[in-house]
Each structure stands twice: as structure tokens, then as C-alpha cells.
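# Coordinates in review
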Amino acid sequence: MFLTNTEIKIKGETLNALPHDLYIPPDALEIYLDAFEGPLDLLLYLIRKHNLNILDIPMADLTRQYMAYVDKMHAIKLELAGDYLLMSAMLIEIKSRFLLPKPADIESEDDPRAELVRKLMEYEAIKLAAQKIDEMPKVGEDISVASAYYQQISDVKPPEFSLDDLADAWRNVLKRASHFTHHKVGKAELSVREHMSIILRRLKIDKLLEFSQLFDVAQDGIPKLVVCFLAILELAREGLLRITQQAPFSPIYVQLNSHE
Amino acid sequence: MREQHNIGQLKNVLEVALLTSSEPLSLDDMARLFAERIERATLRMLLDELKQDWEARTMELVQVATGYRFQARPEYSVFLARLNPEKQTKYSRAVMETLAIIAYKQPVTRGDIEEIRGVAVNSNVMRQLLERDWVDVVGQREVPGRPSLYATTKHFLDDLNLRSLADLPPMEAFIQQDAQLDF
């Protein structure tokens, strides 16, 4: 099939030795098919195994190899083929856009492969992240939590709490927050996503909250307060929150954006 | 009546509470152990000392998302595993990839997950993550069909020994090197 005796050139360089895992015996396909998580996974497999440059994918080659897998899949597992057929259509469309002459009035059309490449790279990153999370030690698998036995006694009253305590605590927080102003900007993105979830969770229970209730000034340092604020802005931008104020300087209310 | 409050006794109280608790204890939980007011900074200092006291022992004191807990040091897990000889079932790649998408892109809908993975989300996959209490529904996106928005829980962080999502390796670490060089 794609193994011939003629000289093989890849991007002008003669290929002397085949990558050792280039050829997959057809019988092995059945085993492989189960191992793929979808068309993107199959495409990534082909690209990585054949050492193709993900940013300069030879569309005809890739499409041909992809179709060979899908045909085989079609024969043995029809119900799987739907997502894969959609991808075949996409690959052929991309190739055909390369073949069509470009109208003169379109100056710089994007590379038709750009969207596919973006998707492949995003999927690959998630795939690697998933492997990493899978390798991390987990409670119940690699982590055993201590649990000594004792007979439950319920007699503990929560400590008294006064307004002065709160004022004290707030002063302490301000004092401490001013000492610890450094924080890592690189990790903020994820913290914002985390706070978005926390805020959505709270609003699911409380329905309507005053803006200031979303900030725990007594306990959170300034970086955390900022992250919380960014999360509110991001939620509003994504249309998940509704923020309302009746008149200038009146309380600002935050609620889930719902049409009901 | 004033409770005896030398450092050694305070540490003992924290130690016994942590060892007998089935869930991690937060600083607020631990403050409630004492009749008199105790500063959070004091608690942190005591916990630091307690951690050092246990350094040469089989258990270690760690901080996770919902608080502090004692757990067996990792080198003993191979022995402990023999107490439960039934084989650990691994989560499928579909489950782990779905979990990774929710962890890194939350809050997300099924549609968002399908967009990244390129295949339909099997409801069995979602059920496994919900049952493990690693993800939950935090709201709905206001688009036709009002799809549920999924996010990871504190329980997920606890189970992975993390204090917050920021402890996960950053996404940029997973963008393949060859691709970055060519840009």
C-alpha cells in the first residue's frame, strides 16, 4: 500500500529508514479502533506516529490514511462512524479549499487548516492534562487518610462572636494583606475559573446576593478579593450573571441570569 | 474555669481532633475545639509544629482544599493496598479527559466538552464523575436548552491532595514543544 520500493521524499529530504511503527498490519486495526477516543484522537495519533508537522499538515496524505481507518471502522462498528464521518467531510473540505483558485479580491484568507490545528492542539493539551491528573495520587487509591476510632460526643458550642471581634479581625486582615501583596500572576487564570464556580454555586442557593456579600473581607487577602472580583466580571461577560442597581449609590445586586 | 493552655496541650488537642475526624478539619473547625478564642495565626503555627513532630512517623499532616488531615506517607501505600486485594478499577480515558476539561475550563457545558473532545459525551462518563462527587452542576447557561454548567468540587481537590485549582500543572505545560517553536 503506502510502502513501495521507490525513493520516498518528505519535504525534499530522502527518507532512508521508515519510522519503526509506520506500518500497522490491518489485523491490528480492530484493536486500535477501540483505543481511540474520537476523530481528533485518531488524527493526532496519525500525525504523531508519522511524525507530521502539526502546523503544516499534508492534507491529502492525512485524509487518505484517516479514511482507511474509518472504512475499516465502518465495516465492523457502524454506530461509531458518525463522528468520524463528519471529520472525513471536514478534511476533504479543507483539501478542496486548497485546490480551488483564490479569488483576487480576497487578499489574505486564513489557512483553511487553522481551525483544525487549533482543535487538535487544544485536544492534545487536554489529553496530556488528563494523563497527568490520572497519574496524581488519589484518596482511596494511593492516599490513605487517617481515621482513628472515637465515640462521638456532641457538646461543643461555637465560640462567642462580637462586632468588636469582627472589627479586630478586619484590621488584622488589612494589616496582614498589606504585608503580603505578592502573588503569582501566572496562576490567577485558574483561580478565576475556580471562583466563577464558587460564585455560581452560592447564587444557586441564595438566588440574590448583594454585591458585597460575595467578598469575605474578614478572611480573604487582597489577591483573593481581586480574583473574586475578576470572576464576577468574567461571569457577567459570559452572560451567566445579572448585576443590577436601582439608583446611583444604592446597593448592587447579583443574581444568576435567568429568563424566568 | 480556665483551660490549661501550654503549647504542648494545644497541639495534643489538635492532633487528637485531626486523627479522629473523618473529613479534613478547617481552621474554623479547629478554633471551635477551644473554649477560648484562638488566633488563626496561632493555629497555623501549632499545625506547623505538629507537622514537624510527625516528620519521622508513618503519618503526615497535609493541607488540602477543605482543611488539614493526617494521611499515611506515600511509601506505605503499597503495603496498605494489600489489605484491600480487590483490583483498583482505573477510570477510562473518556472519564479522565472529561474531568480534565471540567477542571481547566470550568464552568463548562456538555457542548463545550464535546467541542474539545470531538465526540458526544457519554452520560455514563458524567455519572461516574458526579457519583464520585468530583464534579457538580453550578448553574445553567442561558442559551436554548439551558444546558447545565459543570465545575469541579472541593472534594475533587481533597482527593487529589490539592489546596486549590492553582496547584494543578498550568495548561501551557501541555502545549507541545514542536508547535510552540514554529509560531
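## Here we look at the overall build of chain A
- Looking only at helices and strands, one finds eight helices and five strands in chain A.
- Taken from N to C terminus, the helices and strands of chain A fall in the order β-β-α-α-α-α-α-α-α-β-α-β-β.
- In chain A, buried positions account for 20% of the 260 residues.
- Counted over contacts in chain A with a minimum sequence separation of 6, partners at least 24 positions apart contribute 58%.

## A look at the overall build of chain B
- Check the secondary structure of chain B and you find nine helices and four strands.
- Counting over 183 residues, chain B shows a buried share of 29%.
- Partitioning the intrachain contacts of chain B with sequence separation of at least 6 by distance along the chain shows that 52% fall at a separation of at least 24.

## Notes on the packing of helix α5 (residues 93-105) of chain B against helix α6 (residues 110-117) of chain B
Residue and element names in this part refer to chain B.
- Where α5 contacts α6, the two axes come as close as 10 Å, and the packing angle between them is 115°. You can see that α5 and α6 cross each other, and the crossing is right-handed. Contacts between α5 and α6 involve Glu-97, Thr-98, Ile-101 and Lys-105 on the former and, on the latter, Asp-112, Ile-113, Ile-116 and Arg-117.

## Digging into the interface of chain B and chain A
- Each side of the interface is counted separately: chain B has 53 residues, and chain A has 53 residues.
- Per-element tally for the side of chain B that touches chain A: the top contributor is α5 of chain B, with nine residues.
- The residue makeup of the side of chain B that touches chain A, split by class, is 31 nonpolar, 11 polar and 11 charged.

## Regarding the sheet that holds strand β5 (residues 252-256) of chain A
Residues and elements named next belong to chain A.
- Strand order across the open sheet formed by three strands is β3-β5-β4, with antiparallel pairing between neighbours. Since the sheet does not close on itself, it has two edges, and those belong to β3 (208-210) and β4 (241-245), each with one partner. With direction set aside, neighbouring strand axes in the sheet form an average angle of 25°.
- Both β3 and β5 contribute to a ladder of three bridges, which runs antiparallel. Within β5, the residue paired with Leu-209 across the bridge is Val-254.

## Side note on the confidence of the model for chain B
Residue and element names in this part refer to chain B.
- For chain B, per-residue confidence averages 88 on the pLDDT scale, and residues scoring 70 or more make up 92% of the total.
- Averaged pLDDT values for the elements of chain B fall to 47 in helix α9 (residues 177-182) and rise to 95 in strand β4 (residues 148-152).
- Two summary scores accompany this predicted model of the complex, namely pTM at 0.65 and ipTM at 0.71.

## Side note on the pairing of β5 of chain A
Residue and element names in this part refer to chain A.
- Both β4 and β5 contribute to a ladder of five bridges, which runs antiparallel. Across the sheet, the residue bridging to Ile-243 is Val-254, located in β5.
- Turn length for the β4-β5 hairpin, with the two strands adjacent in sequence and antiparallel, is six residues, and the turn residue Phe-249 shows positive phi of about 70°.

## A closer look at the environment of Ile-94 of chain A
Residue and element names in this part refer to chain A.
- Among the structural elements, Ile-94 can be located in helix α4 (residues 81-99).
- Spatially, the C-alpha atoms of Ile-94 and Arg-113 are 6.5 Å apart, while their sequence positions differ by 19 residues.
- Those residues within four positions of Ile-94 in sequence are excluded, and the remaining contacts are Met-59, Pro-112, Arg-113 and Leu-116.

## Here's the deal with unusual backbone geometry
Residue and element names in this part refer to chain B.
- The omega angle of the peptide bond from Gln-106 to Pro-107 is -5°, so this bond is cis rather than trans.
- Here Pro-107 shows up in the loop between α5 and α6.
- Despite not being glycine, Asp-133 has its phi angle at roughly 60°, a positive value.
- Mapped onto the elements, Asp-133 comes out in the loop between α7 (123-131) and β3 (135-140).
- Asp-133 sits in the partly exposed class, given 13 other C-beta atoms within 10 Å.

## Points about the packing of helix α2 (residues 39-49) of chain A against helix α5 (residues 114-135) of chain A
Residue and element names in this part refer to chain A.
- It is the contact of α2 with α5, at a shortest axis distance of 10 Å, that shows an interaxial angle of 95°. With respect to α5, the element α2 is oriented roughly perpendicular. Judged by residue contacts, Leu-40, Leu-43 and Leu-44 of α2 engage Lys-119, Leu-120, Tyr-123 and Glu-124 from α5.
- Among the residues making up the contact of α2 with α5, the classes are represented as five nonpolar, no polar and two charged.

## Points about the nonpolar core
- In this structure, Ile-126 and Ala-129 of chain A together with Leu-99, Ala-100, Ile-101, Ile-102 and Ala-103 of chain B are the most contacted members of the largest nonpolar core, which totals 61 residues.
- Core analysis: the next-biggest nonpolar cluster, separate from the first, contains 10 residues, Leu-18, Leu-25, Leu-43 and Leu-47 of chain B among them.

What counts as what
- Residues numbered from 1 in each chain as written.
- Chains lettered and ligands numbered in written order.
- Predicted model: local features only at pLDDT ≥ 70, side-chain atom pairs only at ≥ 80, totals over all residues.
- Helix = DSSP H or I, 4+ residues; strand = E, 2+ residues; numbered from the N terminus.
- Buried ≥ 20, exposed ≤ 12 C-beta atoms within 10 Å, placed from the backbone.
- Contact = placed C-beta atoms within 7 Å.
- Axes fitted to C-alpha atoms, helices over the stretch in contact; angles between N-to-C directions.
- Left-handed = near helix turned anticlockwise from the far one by under 90°.
- Nonpolar A, V, L, I, M, F, W, Y, C, P; charged D, E, K, R; others polar.
- Pairing = 2+ DSSP bridges.
- pLDDT = per-residue confidence, 0-100.
- Parallel < 35°, antiparallel > 145°, perpendicular 65-115°, else oblique.
- Core = buried A, V, L, I, M, F, W, Y, C linked by C-beta atoms within 7 Å.

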